[in-house]
Structure formats: structure tokens, C-alpha cells
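Geometric and topological summary
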Amino acid sequence: MQDSMTKLKAMLGRIADLNGAAAVLEWDQETYMPPGGTEARAFQIGTLRELGHEFFIRDSVGELLDQLSPEDFGPGSSDAALLRVTRRDYDRARKIPARLVADMARATAFAKDGWKKARDTNTYAHFAPHLQTVIDLNVEKAEAVGYDACVYDALLDEYEPGMKTATVAEVFANLRDELVPFVREVVGRPQPDTSVLHRFFADDRQWDFGLSVIRDFGYDFEHGRQDRSAHPFTTTFALSDVRITTRVDEHFLNPALFGTLHEAGHGMYEQGIATALDRTPLASGTSLGMHESQSRLWENLVGRSLPFWEHYYPSLQRTFPEALGDTTLDAFYRATNAVAPSLIRVEADEVTYNLHIMLRFELEQALVDRTLSVDDLPTAWNEKTEAYFGLRPASDTEGVLQDIHWSLGALGYFPTYALGNLMSAQFFNSAVDTVPDLENQIARGEFGPLLAWLRENVHKYGRMKTATEILESATGRGLEAESWVGYVREKFGALYGL
Ligand code: ZN
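What comes next concerns the included structure. (Residues numbered from 1 in each chain as written. Predicted model: local features only at pLDDT ≥ 70, side-chain atom pairs only at ≥ 80, totals over all residues. Heavy atoms only, no water.)

Looking now at helix 19 (residues 448-457). Three or more residues of helix 19 are buried, namely Leu-450, Leu-451, Trp-453, Leu-454 and Asn-457. All buried residues of helix 19 fall inside an arc of 155° around its axis, so they share one side. Buried residues along helix 19 sit against helix 9 (203-217), helix 10 (254-271), helix 11 (288-302), helix 17 (415-434), helix 18 (438-443) and helix 20 (467-475). (Buried < 20%, exposed > 50% of the residue type's maximum accessible area, 1.4 Å probe, protein only. Helix = DSSP H or I, 4+ residues; strand = E, 2+ residues; numbered from the N terminus. Arc of directions from axis to C-beta. Contact = heavy atoms within 4.5 Å.)

Have a look at this one:
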């Protein structure tokens, strides 16, 4: 038995090496690679990823899994978890035919071009046939891997293992009932002046300020670094090397500032996974929603809070005396927390963001259930936007064509953003309950105890536990909307005098 386990771990270790090497190449492509390197790089990454996949779906891996049972290892042990998770990944990978993988790769290559063309010319018809293909292939994939209640379960499961559509739908329904009227109340109140955020902020100073904050957070520069890329991301080569990227706009403070805090949250999650899990499938965040809960916790619950700015605003003012010298802490705090319904998801504030996700979640389900046709999608999109935000897109480019996800073949991905928001408040509340003096610590720029709490209750497990298991053991409850709604009502109720 021990012999089979050793063999299995050796195989999984080699696969982790291949994937880690591919991640280095992907990171380089987004950060330093000259434009002429694109074609060669596509081959190199493709070869490494394909080898990793081939190694993993071999019969010999299945035979080793058959020889081993999680019950033979201590309950709660990392070896038992490794067998459970590897079995899940293996069965899923083996059930999806190679032909379907190839079809999806080809379809999304075309879909991305179609989406760009549709967006640039504001002509949905350029994207519609590609979207139909992406939906058909996703339904085929769902049928191949199987599901309990509905097709969407299988799609969601890829990004949020174990989560059910019915659970998300119920939690979102509660959220919607609270959020839609609350947003309407906020909109009726006077809005803060946000122009201060659009003054001039020198690139190098923004860069250094962001780094100084995440160093205080506890992002580990011995085991990570930050570089620049057009779209910020976090990537893990190994648990000992977790990279983040950011982008800087000299005429808008938010992207680099809050983007850096956000990616550091992702990075600290991966840096906090128990090192014994490295080079195994357990060495990553347990779900996209859980990942997003960590990034949003640091970005929003910490980084947009009043205690945080009580500590950091004086130094931000010293860093940008020309831009911020005449702006008070109160005015700055209000500007960074302005709530305004908008058409574009990626520009949405903390409060209205989840509405963008609910809209996509509902439409995606209708598309894969075939109760909504691709042709009728733009109209459905615009109607829902009007119902949730009181706004109507003037064009499909600022409506149904705004996100890249569907063109990449990703259906079932969007809900994880909102799940992350909800979980972030659940975790933060539990941390406040168990870490004495937490909010005063934040007001002093001390984050060690908060990070230690997250490491102990969330990070260290990697994929050993599902998101729901981690939530339940850390907070005593499953996924719920109440914590986040309570947080939003308290914070934004005070800001908007409600
Ligand atoms: Zn994120």
C-alpha cells in the first residue's frame, strides 16, 4: 500500500512540475515576453500542458488509485484527501473525451476572435454562432461528466467543487431581495465627489505604496514578487514561489492600489498552504469562490475600511501631497466607497457587484437549460439590467458583449465571484469574533493575527477540504448571504446616512 502511494506521489509530482513550468511560461508571456515570441510560446505551453494531461489520464494512475483507498489512511489525513481529490480529478478528466477537449480548444480560439469583432463593431451577430457552439460543447461536457439535478451543476462543479446550483440559487434569491431595494435607497442619496481619485498619481510612487501595504499584510517576498501586466493575476509555480501582477494608471488611483491588495490576497492564500502538500493536486486553493473570498477580504473588508485608512491615509497623503494635500480622510474614504449602479461589471462598486453576477448566473442557467435562445439573449440581458440597476445598455458592447468569459468557453464561472464576496464577510465576522482587538489592529497597520487566523482556518488546507467544509469549520455555518448583507448595510448605511 505504502509502495503504491509512493509511486502515485512520484507521478503526481512530475505532473505538478510540468504544470508549474507551463505556468512560468504563461507568466512570462503576460509580463516580459516580446510580442514576437507569441507563436513559439503557444507551442511550448501547449506541449507542457498536453504532457501534463497525458501523464495524468494514464491507465497506470487509475490502477494506483484502485489499489489505494482513502479509508486506509487516517481520516483527515493529507493522504486520504489526496486520494479523494485525485480520484475526483481523474474521473472527471477521463470522462471528457479527447475529441471534446480538442473541439472546445478550436471553438474558443474562433469564439475569442468573434467576440472581439462583435465588441469592436457592436454587432452581436458576430458572436452569436460562437456562443451557441460554446453552449453546445459545455452541455456535452456536462453530460459526459454527469450531474445530479441539472446540467448547470456539472459546469459549476468545475470551478466550485461540491457546490450545487440549487444552493447558489437560494442564497442569491435572499441576496437579491435585500440588495435591490438597498441599492435603490443609496441611489436616492447625495453622492460623494470621486474626482480626487482621478488626479495625477506618479507611477513609481503608486507602485511603492502598494508594495509597502502588502508587505505589512504579510505577502511574502521571499516566496513571491510583483510585476506588471495588462490584466492583473496571481500564479503559482510552486508553494514557495507565488507571483502577483498589477497595472498602474497615473490618472486613476484604484486599479493599482486595490488591484495590488486584491492579488496579494490571492497570493497569500497560496503562500499559506501547508508546504507538505507541494507537488500534489492538493497544493492550490480549494475553489475559485474560496480564492475570491481571500482576495476580496483583503481588498474590501480590510482595504476599503475606515480603520485601514485611519492608518494609511496620512502616508498616502505624504506620498501624493499635490493630489491629496487638500482632501480629508473622510472625503477620501467616501470617494473610495462610492456606490453607483453601472452597466459594466468590472467597474462596479462593492455593493452593486453581486447584482452583475446574479444576472449572469440566471442567464447562463437559462441558456444551458435551453429555455433562453442565443438570439434572445441580448433582449433578456437588457431587461434584467433594467430590473436590477434601473439602467438600460445603449449598446450590446456595454451589455451582453462586455465580458470575455463565454468566449473562453467558461460557463459556470461567474457565480464564484459573488460566492467569494459572501464568504469573505463570513470569514471576516468569524475572525472579528475570535481575534481580540482585530479592528484596532487594522487601525494600527497590524495584520499578523488576521493572517494567522486565515492561515489556520482556511489557507493551510489547500484542497484537503471543500469550500463548504472550510466555511463550516471556520464559521460554524454554510454559505449564506446574511453576513455580507449585514456588513453592507452597516458600512454603506453609515456612509449614505440610511
Ligand atoms: Zn480575484
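On to the coordination of the zinc ion. Protein coordination at the zinc ion: the donors are His-262 (NE2), His-266 (NE2) and Glu-292 (OE), at 2.1 to 2.4 Å from the metal. Considered as a linear motif, the donors of the zinc ion on their single chain read H-x3-H-x25-E. Residue His-262 is located in helix 10, and its partner Glu-292 is located in helix 11; the two are separated by 30 residues in the primary sequence. Glu-292 carries the same exposure label as His-262, and that label is buried. (Donors = N, O, S within 2.8 Å, 3.2 Å for Na, K, Ca; no water.)

Residues Phe-172, Phe-217, Trp-298, Val-302, Phe-308, Trp-309 and Phe-427 are the most contacted members of the largest nonpolar core, which totals 150 residues. Three or more residues apiece are contributed to this core by two domains, here domain 1 (2-125) and domain 2 (165-495). (Core = buried A, V, L, I, M, F, W, Y, C linked by side-chain atoms within 4.5 Å. Domains from an automatic or database assignment.)

In terms of residue burial, strand 3 (residues 241-246) counts as a mostly covered element, since five of its six residues are buried. Note that strand 1 (residues 226-228) and strand 3 share three bridges and pair parallel. Within strand 3, the position partnered with Arg-228 by the bridge is Thr-246. Pairing between strand 2 (residues 234-238) and strand 3: four bridges, direction antiparallel. The residue of strand 3 that forms the bridge with Ala-238 is Asp-241. Where strand 2 folds back on strand 3, the antiparallel hairpin that results is connected by two residues. (Pairing = 2+ DSSP bridges.)

Now for the packing of aromatic side chains. The description of two aromatic rings rests on the distance between their centres and on the angle between their planes. One pass over the structure, following the stated rule, counts 25 aromatic pairs. Taking the centre distance of 4.6 Å and the plane angle of 35° together, the rings of Phe-308 and Tyr-312 count as tilted. Note that Phe-308 and Tyr-312 are positioned in helix 12 (residues 306-319) at a spacing of four residues, about one turn of the helix. The pair formed by Phe-308 and Tyr-312 is uniform in burial state, with each residue classed as buried. (Phe/Tyr/Trp six-rings, centres within 6.5 Å; stacked < 30°, edge-to-face > 60°.)

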